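Survey of secondary and tertiary structure
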Amino acid sequence: TYRVELVVADNESSLEKAPTAATTLVDHGVSVVLGPHGSDVALAGSSVFEAAGIPVVGVTCTNPAVTAGNSHYFRICWLDTFQGSALANFAKDHLEAANVYCLAERDDNYSAGLCSYFISAFSAMGGSIVYETYPAGTTDFGPYIRSAQNAGADVFFAPVSTESAAWIIVQAGEENLDMPILAGDTWDSNVVAAAGRNADLDIYVTTFFDENVQNEEGKAFVAGFQQYISSLDSRLKHNGGNTMVSAISAMGYDAYFTVLEAMKNAKSADPQAIQEALWNTSYSGITGEISFESENGDANRNTAFIKKVDKDFGTWEFVTVQSVG
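Let me sum up the structure you'll find in this document. These figures come from a predicted structure and were not determined experimentally. (Residues numbered from 1 in each chain as written. Predicted model: local features only at pLDDT ≥ 70, side-chain atom pairs only at ≥ 80, totals over all residues. Heavy atoms only, no water.)

**Here we look at the packing of helix α10 (residues 247-266) against helix α11 (residues 271-278)**
Contact geometry of α10 with α11 gives a least axis separation of 8 Å together with a crossing angle of 105°. When the axes of α10 and α11 are compared, the pair comes out roughly perpendicular. Residues Ala 262, Met 263, Asn 265 and Ala 266 of α10 form the contact with α11, whose participating residues are Ala 273, Ile 274, Ala 277 and Leu 278. For the contact of α10 with α11, the per-class residue count stands at seven nonpolar, one polar and no charged. (Axes fitted to C-alpha atoms, helices over the stretch in contact; angles between N-to-C directions. Helix = DSSP H or I, 4+ residues; strand = E, 2+ residues; numbered from the N terminus. Parallel < 35°, antiparallel > 145°, perpendicular 65-115°, else oblique. Contact = heavy atoms within 4.5 Å. Nonpolar A, V, L, I, M, F, W, Y, C, P; charged D, E, K, R; others polar.)

**Quick word on the sheet that holds strand β1 (residues 33-34)**
The parallel open sheet is built from three strands, whose spatial order is β1-β2-β3. Taken across any chain shown, the strands that pair with only one partner, and hence form the sheet edges, are β1 and β3 (73-75). Alignment of β1 against strand β2 (residues 56-58), held across two bridges, turns out to be parallel. Pairing of Val 33 across the sheet is with Val 56, part of β2. (Pairing = 2+ DSSP bridges.)

**Thoughts on the layout of surface pockets**
When its volume is computed, the second largest pocket comes out at roughly 200 Å³. Around the second largest pocket, the lining is made up of 20 residues, and of these Thr 287, Gly 288, Arg 301, Thr 303 and Phe 305 lie nearest the centre. Looking at the lining of the second largest pocket element by element, the count peaks at three residues for strand β11 (residues 303-310). When grouped by side-chain class, the residues that make up the lining of the second largest pocket number eight nonpolar, 10 polar and two charged. (1 Å grid on protein atoms, 1.4 Å probe; cavity = no way out; pocket = protein on both sides within 12 Å on 5 of 7 lines; lining within 4 Å. Points joined across faces, edges and corners; volume = space filled by probe spheres on them.)

**Details of empty space enclosed by the protein**
What the rule picks out here adds up to one cavity of 30 Å³ or more. Its volume calculated, the largest cavity comes out at about 30 Å³. Every residue along the wall of the largest cavity is listed here: His 37, Thr 60, Asp 185, Asp 188, Phe 208, Ser 246, Ala 247 and Ile 248. Taken together, the residues of the lining of the largest cavity break down into three nonpolar, three polar and two charged.

**A look at unusual backbone geometry**
The peptide bond linking Gly 35 to Pro 36 adopts the cis configuration, its omega dihedral lying at 0°. The backbone phi angle of Glu 12 is positive, close to 55°, even though this residue is not glycine. Here Glu 12 shows up in the segment before α1 (18-28). Under the relative-accessibility criterion, Glu 12 is labelled partly exposed at 48%. (Buried < 20%, exposed > 50% of the residue type's maximum accessible area, 1.4 Å probe, protein only.)

Right, here's the structure in full:
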């Protein structure tokens, strides 16, 4: 029997602070680490955990480089190679797109990488692409929206940050963008849903979890999450003023119980024993079946949820489950 203590270190989504946050956890003597959210900060702190011999289970860090070439980093989410292909298949099959406008933030590994995987898959299916990038700190997306319109695109693909997403949605409405907007998991946010409310836009995203489509354990998680958020005004405020469930929260929940399962299998709280046990650990979670492939410790996942903004209520509605052959 173990008493589990949760130790929190905030990297503030900063590349400079990621190693410091990692060192804080190492100095505390943790047995295993969960997170972080983003791939860039995951990569920035990875070597600290490797040197300390502490395994890490990534929650939603989707860049293939996070687990490549090491044995200490695992993840329960799918990779951007899969996400890019899933989005391309959805654009081709569901949105019937032939020409897609792709927009990424310059020097941003996530958006540029996901665009690259999308372009590769969509081009292989005979589609055409217009690709542009914008500098960090951009708030005027009008020129890029007009560029997509002038190119005769069928879909506006912009897998960028939540902050940029809010600007794009508002300005796309002002520019009367006449094509669907498509994005990746970073847009699965109540900020994006709220921005899309009453906007005459069709906004689709890929995500790891949909609160309207899950098993009995998932329903219990959603009910518990919403009750917890509602119990304090400060919690409700930090969740955007509503009880909407983020897929990131669901993934964090599953990552935690996956790690507990690995500890049971290891019969130990020793980091090295947990790392060895993780390779053969499986867990039936609220986001699906979780296990790790034997080469890099990546999750064995081959489906993604697709959902879109309900323009009347500023919430998400389920569209389909997308797989890649």
